[in-house]
Amino acid sequence: MKNDKARYTALKGVEAFALAFISDQVLKQLTHRHRPYQDDPPESNVWDGPFILPSNTSFASGHAANAFAVATVIATAYSNTVWVPIVCYTFAGLTAASRVYQNDHWFSDVFIGSAIGFAIGRTIMNNHIKKLKVLPISHVGSGVMLVYQLD
């Protein structure tokens, strides 16, 4: 049924969004790269590294990672319809490009964020073994719980 496919795709999209968000936040906290507008003149090689209190969070682009993660899930699920992948990746690409255009990210931030999102989306859609699961509720409170089944 079409409703089952849409429901499955939506759940996988939420899963991809959550994993892309978590991955991006980890990278941001490990690198603390300065955004283009933070320094005068702009300097792309300023990385404060982990465990620094200032919130310099340019690397990687979370918008690009999330956009490509969800776009990849939808494009993969509906790959038999020619226009769906084109529209999905166009919107994801425009989202990524806007982050550079608005001077919020360096090109490398957007490129890596897009690659991470694409990889997460493909991994989720190709995870036929179903060993990795993302649950929207954690047993310790609100949040997300990752479960990997060992067999």
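Reference entry: report on the structure contained in this document. (Residues numbered from 1 in each chain as written. Predicted model: local features only at pLDDT ≥ 70, side-chain atom pairs only at ≥ 80, totals over all residues. Heavy atoms only, no water.)

1. Concerning the overall build of the protein chain
When its secondary structure is counted, the protein chain shows four helices and two strands. The order of α-helices and β-strands along the protein chain, N terminus first, is α-α-α-α-β-β. In the protein chain, once contacts between residues fewer than 6 apart in sequence are set aside, the share between residues at least 24 apart is 62%. (Helix = DSSP H or I, 4+ residues; strand = E, 2+ residues; numbered from the N terminus. Contact = heavy atoms within 4.5 Å.)

2. Description of the pattern of salt bridges
For the structure on display, the rule yields five salt bridges. Between Arg7 and Asp4 there is a salt bridge whose closest N-O contact spans 3.2 Å. A residue pair is termed a helical-turn pair when its members lie 3 or 4 positions apart in one helix, as Arg7 and Asp4 do in helix 1 (residues 2–31) at three residues. The closest approach of N and O atoms between Arg33 and Asp109, which form a salt bridge, is 2.6 Å. In this pair, Arg33 is assigned in the loop between helix 1 and helix 2 (62–77) and Asp109 in helix 4 (residues 107–125), connecting sequence segments 76 residues apart. The class of Arg33 is buried, set by a relative accessible area of 5%. Under the relative-accessibility criterion, Asp109 is labelled buried at 0%. (Salt bridge = Lys/Arg side-chain N within 4 Å of Asp/Glu carboxyl O. Buried < 20%, exposed > 50% of the residue type's maximum accessible area, 1.4 Å probe, protein only.)

3. Let's talk about the packing of helix 2 against helix 3 (residues 83–101)
Between helix 2 and helix 3, whose axes approach to 9 Å, the crossing angle comes to 180 degrees. Regarding the angle of helix 2 to helix 3, the classification is roughly antiparallel. Contacts between helix 2 and helix 3 pair His63, Ala64, Ala67, Phe68, Ala71, Thr72, Ile74 and Ala75 from the former with Val84, Pro85, Cys88, Tyr89, Ala92, Gly93, Thr95, Ala96 and Arg99 from the latter. Of the residues contributing to the contact of helix 2 with helix 3, the split by class is twelve nonpolar, four polar and one charged. (Axes fitted to C-alpha atoms, helices over the stretch in contact; angles between N-to-C directions. Parallel < 35°, antiparallel > 145°, perpendicular 65-115°, else oblique. Nonpolar A, V, L, I, M, F, W, Y, C, P; charged D, E, K, R; others polar.)

4. Observations concerning the packing of aromatic side chains
All told, the structure shown has four aromatic pairs when counted by the stated rule. Connected via pairs of aromatic rings, a cluster forms that spans Phe68, Tyr89 and Phe118. (Phe/Tyr/Trp six-rings, centres within 6.5 Å; stacked < 30°, edge-to-face > 60°.)

5. Quick notes on the nonpolar core
Of all hydrophobic cores here, the largest spans ten residues; its members are Ala16, Leu19, Ala20, Ala65, Ala69, Val73, Ala77, Ile120, Ile124 and Met125. Counting only elements with at least two residues in this core, the list comes to helix 1, helix 2 and helix 4. With four residues, helix 2 is the single largest residue contributor to this core. Once residues within four sequence positions are removed from consideration, Ala77 is found in contact with Lys5, Thr9 and Met125. The next biggest cluster of nonpolar side chains, apart from the first, holds nine residues, and it includes Ala71, Ala92, Ala96 and Val110. (Core = buried A, V, L, I, M, F, W, Y, C linked by side-chain atoms within 4.5 Å.)

6. What about the environment of Ala65?
Within the fold, Ala65 resides in helix 2. Beyond its immediate chain neighbours, meaning those up to four positions away, Ala65 contacts Ala20, Gly113, Ser114 and Gly117.

7. Some remarks on the packing of helix 2 against helix 4
What describes two packed helices is the angle between their axes and the distance between those same axes. Between helix 2 and helix 4, whose axes approach to 7 Å, the crossing angle comes to 35 degrees. Crossing geometry of helix 2 relative to helix 4 is assigned as right-handed. The residues of helix 4 that touch helix 2, namely those facing Ala64, Ala65, Phe68, Ala69, Thr72, Val73, Thr76 and Ala77, are Val110, Gly113, Ser114, Gly117, Phe118, Gly121, Arg122 and Met125. Of the residues assigned to the contact of helix 2 with helix 4, the class counts are nine nonpolar, six polar and one charged. (Left-handed = near helix turned anticlockwise from the far one by under 90°.)

All we've got here are geometric facts, nothing functional implied.
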